[in-house]
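Next come the chains, spelled out residue by residue.
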Amino acid sequence: MATLEQVREALARKLSGPQSEGGGISLDVLEVMVSSVFPDLVLKVRVGVSGQIWEVSLDYQGYEASLVSGDLTEEALRYLGLLVRTHLFEWWHTKETERFSARMGRRLS
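Reference entry: report on the structure contained in this document.

Here is what the cut-offs are and how they apply
Residues numbered from 1 in each chain as written. Predicted model: local features only at pLDDT ≥ 70, side-chain atom pairs only at ≥ 80, totals over all residues. Heavy atoms only, no water. Core = buried A, V, L, I, M, F, W, Y, C linked by side-chain atoms within 4.5 Å. Buried < 20%, exposed > 50% of the residue type's maximum accessible area, 1.4 Å probe, protein only. Helix = DSSP H or I, 4+ residues; strand = E, 2+ residues; numbered from the N terminus. Expected span 1.5 Å × (residues − 1). Axes fitted to C-alpha atoms, helices over the stretch in contact; angles between N-to-C directions. Parallel < 35°, antiparallel > 145°, perpendicular 65-115°, else oblique. Left-handed = near helix turned anticlockwise from the far one by under 90°. Contact = heavy atoms within 4.5 Å.

1. Some points on the nonpolar core
General note: in soluble globular proteins, nonpolar side chains tend to be found buried as a group.
Line of reasoning, step 1. Counting 29 residues, the largest nonpolar core has Leu41, Leu43, Val56 and Leu88 as its most contacted members.
Line of reasoning, step 2. Every element with two or more residues in this core is listed here: helix H1 (4–15), strand S2 (26–34), strand S3 (40–49), strand S4 (52–61) and helix H3 (74–94).
Line of reasoning, step 3. Looking at this core, the element that brings in the most residues is H3, giving seven residues.

Structural data, given as structure tokens:
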């Protein structure tokens, strides 16, 4: 079973840095929290886009959270990376119109 530090390092390696899709977007994994009792995964990610920097919190439960509760496979990390990028894309485009999305992030600059 992967430790919290191994999960954080693996997700940072998979997600952090300039993103090839979307152009001009960068991600940095700031914090990873994994509950040991109930599958729960919380990621705090710094998102840089269009000259703005945001901190966004993503909360996963159930199947998505369970992806990091056992051994970290490359397939699970690839899927979770795709999921996080997709949710950040959705957040970016709905943060000004949906309350739930607005609460997920805060602008740093």
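Now, onward.
2. A few points about H3
Line of reasoning, step 1. The end-to-end C-alpha distance of H3 is 30 Å, a good match for the 30 Å that 21 residues give at a rise of 1.5 Å each.
Line of reasoning, step 2. Among the residues of H3, Ala76, Leu77, Leu80, Gly81, Leu83, Val84, Leu88, Trp91 and Thr94 are the ones counted as buried.

3. Some thoughts on the packing of H1 against H3
Line of reasoning, step 1. Between H1 and H3, the least distance of the axes is 10 Å, while the angle of their chain directions is 60 degrees. By the criterion of interaxial angle, the relationship of H1 to H3 is oblique. For the crossing formed where H1 meets H3, the hand is right-handed. For the pair H1 and H3, the contacting residues are Ala10, Leu11, Lys14 and Leu15 in the first and Glu74, Leu77, Arg78, Leu80, Gly81, Val84 and Arg85 in the second.

4. A word on the environment of Gly48
Line of reasoning, step 1. When you line up the elements, Gly48 lands in strand S3.
Line of reasoning, step 2. Residue classification places Gly48 among the buried positions, given a relative accessible area of 17%.
Line of reasoning, step 3. The spatial distance from the C-alpha of Gly48 to the C-alpha of Ser26 is 5.0 Å, given a sequence separation of 22 residues.
Line of reasoning, step 4. Those residues in contact with Gly48, other than ones at most four positions away along the chain, are Gly24, Ile25, Ser26 and Ile53.

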